[in-house]
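What follows is each chain in one-letter form.
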Amino acid sequence: MTIMSTVLEVTERRQGPADLLLLKGRMDAATAPAAEEHLTRLIEGGSRNIVVDCSELEYISSAGLRVLLSALKKLKQCGGHLTLASLLPEIRKVFEIAGFHRLFAIFPGVSEAIDSTERTQGS
Amino acid sequence: MTSEILSTSLVLFQMMCVVVVFAYLVTRTRFCAEVLEGAFSWKNQLFLAVVFGILSIYGTVSGVSVLGAPVNIRDLGPMVAGFLGGPIAGLAAGLIGAGYRMSLSGFSAVPCSIATILAGLVSGLIFLANKRQFPTIPVAVSFAVIMEGTHMALVLLIARPFSEALDLVSQVAIPMIAINAAGMFIFAFIIKNLLLEKKTREERDHFQGELERKNAELQIAREIQASFLPEHIPDLPGYSIAAESFPAREVGGDFYDLISLPDRRVAVLIADVSDKGVPAALFMALSSMVMRATAIWHHQAAGTVRDANTMIAAESKSGMFVTLFFAILDPDRGQLSYVNAGHNPPILMRRDGTCEILPATGIALGADPDGTYEEKTVMLERGSILLLYTDGVTEAEDVGHRQFGVDRLISLVKESREFPADRILSGIREAVTAHAAGAPQFDDITLLVMRVGS
């Protein structure tokens, strides 16, 4: 039996034109504020292209969705982009139920997500 | 020589033990507590004067010969009394100690007595200068050193013959200063600890009070929130309906509603605000009022949800959103027109055990101001069961983090489809509780069951 983690690890790194945020573990009401802090700091620090790598995100609750939606809204307002990459099937399902898959730009992998931000920057 | 040093050290050690016990007991008396609170009363002053006067007498009586010279802690009591209660207590304790010293006479009686009185008076003045607070440990110990130095100087100035005075001072000065400084350190240390303890206790009490007040407020909030839910289920001939909401914390973000519309029609809705606790509850209050107002205005599902979305999106600055299933039931025709705004798909169980889920027809409210919502219609035949639920039901976890799941929910409804609505609801609730088996409820849980044919 695999025990699901109860914590969320947030790692931040600059990759090409984008700021990459790796979410690892469980993003719920207790852990989402940590991710929100990172996103807020990045956006306030002038970051306009944020790619969230969800390849190791095991669970997301509505509190987690709220944090991502909040970042998306803030970035849109100032002409920025938030893209999601590598959603596990369960996570993708949560996005689909809420209808968020139509709101977020979602890519199968991080490199595609970064490429897309390059394209939007170039255009 | 070695054994003499050893036995002298032992006597000094015993003296310090007496000081420790004395300091511990005195600082824990009610009088001392009041003094440390900063309360001035003659009773407290008298207490300090007498107790530290006695300590001063003990200091004289317990005086030991260190390498042949008489060493004592007579000045310690008055110094502490002054630091604790001010110049009056210090001076009075000093006078008691000095009086006893005078009664013993001897060639250094006058300078020693003056030193003891001065010790109490000056420490009291330092207390006043320090805004009526016990000074810090370094200040208190430094003062003891300087005071004993002054004591020695007074002996040299006043005691005659001078040669004897010089002889005495040269022998006792260093041990006198050291032992009084050590005694002062013990007192200051214990008193400072006591003050720190008191401060910690006060802070704890403060936070506890604050916590109790917040809890009381949350209880009130819980009652107010419960009052936003329908007080009773409208009586709908040919239908049995049951609904309940259990917040995970005092307040939550789930809600359901049943709104009577013209032509016997009824709006049925269930909703789940993102996140939990107070932020979710505030947004729930807003959303439930918006839904009531728009439902009564439109009488039609898609229009209601579209308008509600516009209003809620305008209020959602922090990414808050609401997943919602909204339906209008025409009970006479058994027709249900619904919009699913990103909510967990409700389960429609037919009498024959076949089941249909009512998937999302639009995005959660508040997420996208330009969201579009499609309206769909299903017919409810006799014996059909419609189950609306929030994700707290299907995502309830057992100790191994296994979720309750949709499949289990569907099979539960299937098994109990012959039962009335309230029994189906309590059956689901019990199964979810048993699944979570003592684990704290993680998310708000809300259920609404409608059965066609009561």
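From a predicted model like this one, the values you see are computed outputs, not experimental measurements. (Residues numbered from 1 in each chain as written. Chains lettered and ligands numbered in written order. Predicted model: local features only at pLDDT ≥ 70, side-chain atom pairs only at ≥ 80, totals over all residues.)

## Some remarks on the overall build of chain A
- Secondary structure summary: chain A contains four helices and five strands in total.
- Reading the helices (α) and strands (β) of chain A from amino to carboxyl end gives β-β-α-β-α-β-α-β-α.
- Taken against the 2.2 N^0.38 rule, which gives 14 Å for 123 residues, the C-alpha radius of gyration of chain A at 13 Å falls within 12% of a compact globule.
- Relative to its full complement of 123 residues, chain A shows a buried share of 45%.
- Within chain A, counting contacts between residues at least 6 apart in sequence, those at least 24 apart form 71% of the total. (Helix = DSSP H or I, 4+ residues; strand = E, 2+ residues; numbered from the N terminus. Rg over C-alpha atoms; globule rule 2.2 N^0.38 Å. Buried ≥ 20, exposed ≤ 12 C-beta atoms within 10 Å, placed from the backbone. Contact = placed C-beta atoms within 7 Å.)

## Focus on the overall build of chain B
- When helices and strands are tallied, chain B shows 13 helices and 12 strands.
- Computed over its C-alpha atoms, the radius of gyration of chain B comes to 41 Å, more than 25% above the 22 Å expected for a compact globule of 454 residues.
- For chain B, the spread of C-alpha atoms along the principal axes amounts to about 125 × 45 × 35 Å.
- A buried classification covers 43% of the 454 residues belonging to chain B.
- When contacts within chain B are restricted to residue pairs at least 6 apart in sequence, those whose partners lie at least 24 apart make up 71%.

## So, the domain arrangement of chain B
- Per the domain assignment, the segments making up chain B are domain 1 (2-205) and domain 2 (229-452).
- On a C-alpha basis, the centroid separation for the pair domain 1 of chain B and domain 2 of chain B is 77 Å. (Domains from an automatic or database assignment.)

## Quick look at the pairing of strand 6 (residues 322-330) of chain B
Residue and element names in this part refer to chain B.
- In terms of residue burial, strand 6 counts as a mostly covered element, since eight of its nine residues are buried.
- Judged from the eight bridges that link them, strand 5 (residues 266-273) and strand 6 form a sheet pairing that is antiparallel. Bridging across to strand 6, Val 273 finds its partner in Val 322.
- Between strand 6 and strand 7 (residues 335-341), which pair antiparallel and follow one another directly, the connecting turn spans four residues, one of which, Gly 334, has a positive phi of 65°. (Pairing = 2+ DSSP bridges.)

## With respect to the packing of helix 1 (residues 32-44) of chain A against helix 2 (residues 62-77) of chain A
Residue and element names in this part refer to chain A.
- At their nearest, the axes of helix 1 and helix 2 sit 9 Å apart, and the two run at 10° to each other. When the interaxial angle is binned, helix 1 and helix 2 end up roughly parallel. In contact with Ala 32, Ala 35, Glu 36, Leu 39 and Ile 43 of helix 1, helix 2 contributes Ala 63, Gly 64, Val 67, Ala 71, Lys 74 and Leu 75.
- Of the residues that constitute the contact of helix 1 with helix 2, the class distribution is eight nonpolar, one polar and two charged. (Axes fitted to C-alpha atoms, helices over the stretch in contact; angles between N-to-C directions. Parallel < 35°, antiparallel > 145°, perpendicular 65-115°, else oblique. Nonpolar A, V, L, I, M, F, W, Y, C, P; charged D, E, K, R; others polar.)

## Some points on the environment of B:Ile224
All names here are of chain B.
- Tracing the backbone through its elements, the reader meets Ile 224 in helix 8 (residues 162-228).
- Since 12 C-beta atoms lie within 10 Å of it, Ile 224 is described here as exposed.
- Sequence separation between Ile 224 and Val 251 is 27 residues, and the spatial gap between their C-alpha atoms is 9.5 Å.

## Observations regarding the interface of chain A and chain B
- Contacts between chain A and chain B engage 18 residues on the former and 19 residues on the latter.
- Those elements that place two or more of their residues in the side of chain A that touches chain B are helix 2 and helix 3 (89-98) of chain A.
- Here the side of chain A that touches chain B gets eight residues from one element, more than from any other, and that element is helix 2 of chain A.
- For the side of chain A that touches chain B, the per-class residue count stands at 12 nonpolar, three polar and three charged.

## Comments concerning the nonpolar core
- Core analysis: the largest hydrophobic core is formed by 108 residues, its most contacted members being A:Val52, B:Leu269 and B:Phe326.
- Considering each element in turn, this core owes the most residues, eight residues, to helix 2 of chain A.
- When sequence neighbours within four positions are dropped, the list of residues in contact with B:Leu269 reads B:Tyr256, B:Asp257, B:Met291, B:Leu324, B:Phe325 and B:Phe326.
- Core analysis: the next-biggest nonpolar cluster, separate from the first, contains 55 residues, B:Val26, B:Leu84, B:Ile126 and B:Met176 among them. (Core = buried A, V, L, I, M, F, W, Y, C linked by C-beta atoms within 7 Å.)

## A short note on the sheet that holds strand 3 (residues 239-246) of chain B
Residues and elements named next belong to chain B.
- Pairing is antiparallel in the open sheet, where five strands are placed in the order 3-12-11-8-9. Each of the sheet's edge strands pairs with one partner strand only, and the pair in question is strand 3 and strand 9 (355-357). Strand-to-strand, the axes of this sheet are offset by a mean angle of 15°, without reference to chain direction.
- With eight bridges connecting them, strand 3 and strand 12 (residues 445-452) associate as antiparallel partners. Within strand 12, the position partnered with Ser 240 by the bridge is Arg 451.
- Sheet contacts for helix 12 (residues 406-415): strand 8 (347-349), strand 9 and strand 11 (385-389); angle to strand 8, the most-contacted strand, approximately 30°.
- Relative to strand 12, helix 13 (residues 421-436) is tilted by about 150°, and along the sheet it contacts strand 3, strand 11 and strand 12.

## Things to note about the environment of A:Arg66
Residue and element names in this part refer to chain A.
- Within the secondary structure layout, Arg 66 lies in helix 2.
- Taking the number of C-beta atoms within 10 Å as the measure of exposure, Arg 66 has 26 and is therefore buried.
- For the pair Arg 66 and Leu 88, spaced 22 residues apart in the sequence, the C-alpha separation amounts to 18 Å.

## Focus: the packing of helix 5 (residues 87-103) of chain B against helix 6 (residues 109-129) of chain B
Residues and elements named next belong to chain B.
- Taken N-terminus to C-terminus, the directions of helix 5 and helix 6 make an angle of 170°; their axes are 7 Å apart at the nearest point. Between helix 5 and helix 6, the interaxial angle falls into the category roughly antiparallel. Contacts between helix 5 and helix 6 involve Pro 87, Ile 88, Ala 89, Gly 90, Leu 91, Ala 93, Gly 94, Leu 95, Gly 97, Ala 98, Arg 101 and Met 102 from the first element and Ala 109, Cys 112, Ser 113, Thr 116, Ile 117, Ala 119, Gly 120, Leu 121, Ser 123, Gly 124, Leu 125 and Leu 128 from the second.
- Grouping the constituent residues of the contact of helix 5 with helix 6 by class yields 15 nonpolar, eight polar and one charged.

## Digging into the sheet that holds strand 6 of chain B
Residue and element names in this part refer to chain B.
- The antiparallel open sheet is built from five strands, whose spatial order is 4-5-6-7-10. The open sheet has two edge strands, strand 4 (254-260) and strand 10 (376-379), and neither has a second partner. Between one strand axis and the next, the sheet turns by 20° as a mean value, whatever way the strands run.
- The pairing of strand 4 with strand 5 spans seven bridges and is classified as antiparallel. Opposite Ser 260, over in strand 5, you have Val 266 as the bridge partner.

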